[in-house]
Amino acid sequence: MADGWPVEHFSRSNPAGPGQGDVAALLRRVADTLDELGDVQVQDVVFGSEVTGGEDDLHMTVYFHREPRRR
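Residues numbered from 1 in each chain as written. Predicted model: local features only at pLDDT ≥ 70, side-chain atom pairs only at ≥ 80, totals over all residues. Heavy atoms only, no water.

Asker: So what's going on with the sheet that holds strand 1 (residues 8–13)? Which residues, and what values?
Answerer: Within a beta sheet, neighbouring strands are joined by backbone hydrogen bonds and run either parallel or antiparallel to one another. One open sheet accounts for 3 strands, arranged 1-3-2; its pairing is antiparallel. The open sheet is flanked by strand 1 and strand 2 (41–50), the only strands paired with a single partner. Sheet twist, expressed as the mean angle between neighbouring strand axes with direction ignored, is 15 degrees. Here 9 bridges tie strand 2 to strand 3 (residues 57–65), and the two strands are oriented antiparallel to one another. Bridge pairing in strand 3 places Val42 opposite Phe64. Helix 1 (residues 23–37) rests against strand 1, strand 2 and strand 3 of the sheet, and its axis sits at about 145 degrees to strand 1. (Pairing = 2+ DSSP bridges. Helix = DSSP H or I, 4+ residues; strand = E, 2+ residues; numbered from the N terminus. Axes fitted to C-alpha atoms, helices over the stretch in contact; angles between N-to-C directions. Contact = heavy atoms within 4.5 Å.)

Asker: Please set out the pattern of salt bridges residue by residue, giving values where relevant.
Answerer: Taken as a whole, this structure holds 1 salt bridge when the rule is applied. A salt bridge links Glu8 to Arg66, with the shortest nitrogen-to-oxygen separation between them at 2.8 Å. In this pair, Glu8 is assigned in strand 1 and Arg66 in the segment after strand 3, connecting sequence segments 58 residues apart. (Salt bridge = Lys/Arg side-chain N within 4 Å of Asp/Glu carboxyl O.)

Asker: Account for the packing of aromatic side chains, naming residues and giving values.
Answerer: Going through the model one piece at a time under the given rule, you end up with 1 aromatic pair. With a centroid separation of 6.0 Å and an interplanar angle of 55 degrees, the aromatic rings of Phe10 and Phe64 are classed as tilted. In this pair, Phe10 is assigned in strand 1 and Phe64 in strand 3, connecting sequence segments 54 residues apart. The pair Phe10 / Phe64 is uniform in exposure class, with both members buried. (Phe/Tyr/Trp six-rings, centres within 6.5 Å; stacked < 30°, edge-to-face > 60°. Buried < 20%, exposed > 50% of the residue type's maximum accessible area, 1.4 Å probe, protein only.)

Okay, structure coming up:
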């Protein structure tokens, strides 16, 4: 590509309240979004956690290219 290789991204977190610290639920949420995007090439995944008064507030950001995965 002449203009470089653009990277797109999305971020997901669990809803605030009970269950917001559920890592498995967050991973399922991210996987569902990847399924909706179709065949993309993931470049990086970043996981973060913010300490709150209750459960930790988790979030993930996925960086991807709209090109088919290398197989």
